[in-house]
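Chain by chain, the residues run as shown.
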Amino acid sequence: MDRKLKISFNSPIILGFVILSFIVYVVDNLTGGFSTRLLFSVYRSSFIDPFTYFRFFGHVLGHANLDHFLGNIMLILVIGPMLEEKYGSANILFVILATALVTGLVHFFVFPHVYLLGASGVVFAFILLSSFAGFREGRIPFTFIVVALLYIGQQVYQGVFVQDNISNLTHILGGIVGAVLGYIMNKGKMNRY
């Protein structure tokens, strides 16, 4: 048998997200950060400014530097395709958009003078969502409890005791969005069988 290997575009939402994030990163470098400040970071701005609404979603595509970009994108590439296969492209797009909106709105109102950018909220949503992979009706996976305690606990600790430029609240909110949507999506699948 002579079988040829083909490259498949196996995860369109995840790959699209990664490609868009890379383009935003390149354009950010070409514009000296102007494009990211204008479109891909959340901060307090006027509700009359149409970019304000775009930024509520677009901030997850912007990254401060190469390490920030690679750290988020690598985890999204590892976890995301499995989640997209399990939950479907439309649901994964919804998780990304819901996480972006929730983290963007909370940051807009709670931290008005600090820029928020990056996909770490999405990463944490995916981490908690992935821990629901073994969900069965009436049972909470122990892996979910362990993951929630470790990841969310670490973020609470760092938020209280470590002074850095990392938005631990965004990580926590992303994890909560992933957990809630994971529960809802898995419960919905169970009811169909």
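Residues numbered from 1 in each chain as written. Predicted model: local features only at pLDDT ≥ 70, side-chain atom pairs only at ≥ 80, totals over all residues. Heavy atoms only, no water.

Visitor: Hey, could you run me through the overall build of the protein in this one?
Guide: Within the protein, the secondary structure is distributed over eight helices and zero strands. Traced from its N-terminal end to its C-terminal end, the protein shows the element sequence α-α-α-α-α-α-α-α. Considering the protein as a whole, with its 193 residues, one finds that 42% of them fall into the buried category. Within the protein, residue pairs in contact and separated by at least 24 positions form 74% of the contacts whose partners lie at least 6 positions apart. (Helix = DSSP H or I, 4+ residues; strand = E, 2+ residues; numbered from the N terminus. Buried < 20%, exposed > 50% of the residue type's maximum accessible area, 1.4 Å probe, protein only. Contact = heavy atoms within 4.5 Å.)

Visitor: Any chance you could explain the side chain of Asp28 here in plain terms?
Guide: Structurally, Asp28 can be placed in helix H1 (residues 12-30). An unpaired buried charge is present at Asp28: no salt bridge exists, and Arg37, the closest side chain of opposite charge, is 6.1 Å distant. Side-chain polar atoms of Asp28 contact the side chain of Thr36, separated by 2.7 Å. Not counting the four nearest positions on each side in its chain, Asp28 is found in contact with Gly33, Ser35, Thr36 and His63. (Lys, Arg positive; Asp, Glu negative; His and termini not counted. Salt bridge = Lys/Arg side-chain N within 4 Å of Asp/Glu carboxyl O. Polar contact = N/O pair within 3.5 Å; in protein donor to acceptor, adjacent residues only side chain to side chain.)

Visitor: Honestly, the UniProt feature "transmembrane region" (unreviewed entry) in the protein in this entry has me stumped. Any pointers?
Guide: The sites that UniProt annotates as "transmembrane region" (unreviewed entry) are residues 7-27, 56-80, 92-110, 116-135, 142-160 and 166-185. Between the C-alpha atoms that bound residues 7-27 the distance is 28 Å, and the span itself is 76% helix and 0% strand. Secondary structure content for residues 56-80 is 72% helix and 0% strand, while the C-alpha to C-alpha distance between its ends is 21 Å. (UniProt positions renumbered as here; feature names shortened; annotations may be inferred.)

Visitor: Sorry if this is basic, but what is going on with the confidence of the model for the protein here?
Guide: Predicted coordinates in regions of low pLDDT should not be interpreted in detail. For the protein, per-residue confidence averages 86 on the pLDDT scale, and 87% of positions sit at 70 or higher. Helix H7 (residues 142-161) is the least confidently modelled element of the protein, averaging 72 in pLDDT, while H1 averages 97, the highest of any element. (pLDDT = per-residue confidence, 0-100.)

Visitor: Hey, could you run me through the packing of aromatic side chains in this one?
Guide: Here a ring pair, both rings aromatic, is described through the centre-centre distance and the interplanar angle of the planes. All told, the structure shown has ten aromatic pairs when counted by the stated rule. Taken together, a centroid distance of 4.6 Å and an interplanar angle of 40° make the contact between Tyr43 and Tyr115 tilted. Of this pair, Tyr43 sits in the loop between helix H2 (34-39) and helix H3 (50-58) while Tyr115 is found in the loop between helix H5 (89-110) and helix H6 (120-130), placing the two residues 72 residues apart along the sequence. Tyr43 gets classed as buried once you look at its relative accessible area, which sits at 17%. Between Phe47 and Phe109 the ring centres are 6.4 Å apart and the planes differ by 35°, which places this aromatic pair in the tilted class. Pair noted here: Phe47 is in the loop between H2 and H3 and Phe109 is in helix H5, with a separation of 62 residues, a long-range link. A residue is classified by how much of its surface remains accessible, and Phe47, at 44% relative accessible area, is partly exposed. Directly above the aromatic system of Tyr87 lies the positively charged group of Lys86, at a separation of 5.3 Å from the ring centroid. (Phe/Tyr/Trp six-rings, centres within 6.5 Å; stacked < 30°, edge-to-face > 60°. Lys NZ or Arg CZ within 6 Å of the ring centre and 35° of its normal.)

Visitor: Explain H1 to me, please; I cannot follow it from the model alone.
Guide: Owing to its 3.6 residues per turn, the α-helix aligns residues three or four sequence positions apart on the same side. Over its 19 residues, H1 extends 27 Å from the first C-alpha to the last, a length consistent with the 27 Å expected when each residue adds 1.5 Å. Burial in H1 covers these residues: Ile14, Phe17, Val18, Ser21, Val24, Tyr25 and Asp28. Buried residues of H1 fall within an arc of 125° about the axis and therefore sit on the same side. In the core, the buried residues of H1 are packed alongside H2, helix H4 (66-87), H5 and H6. (Expected span 1.5 Å × (residues − 1). Arc of directions from axis to C-beta.)

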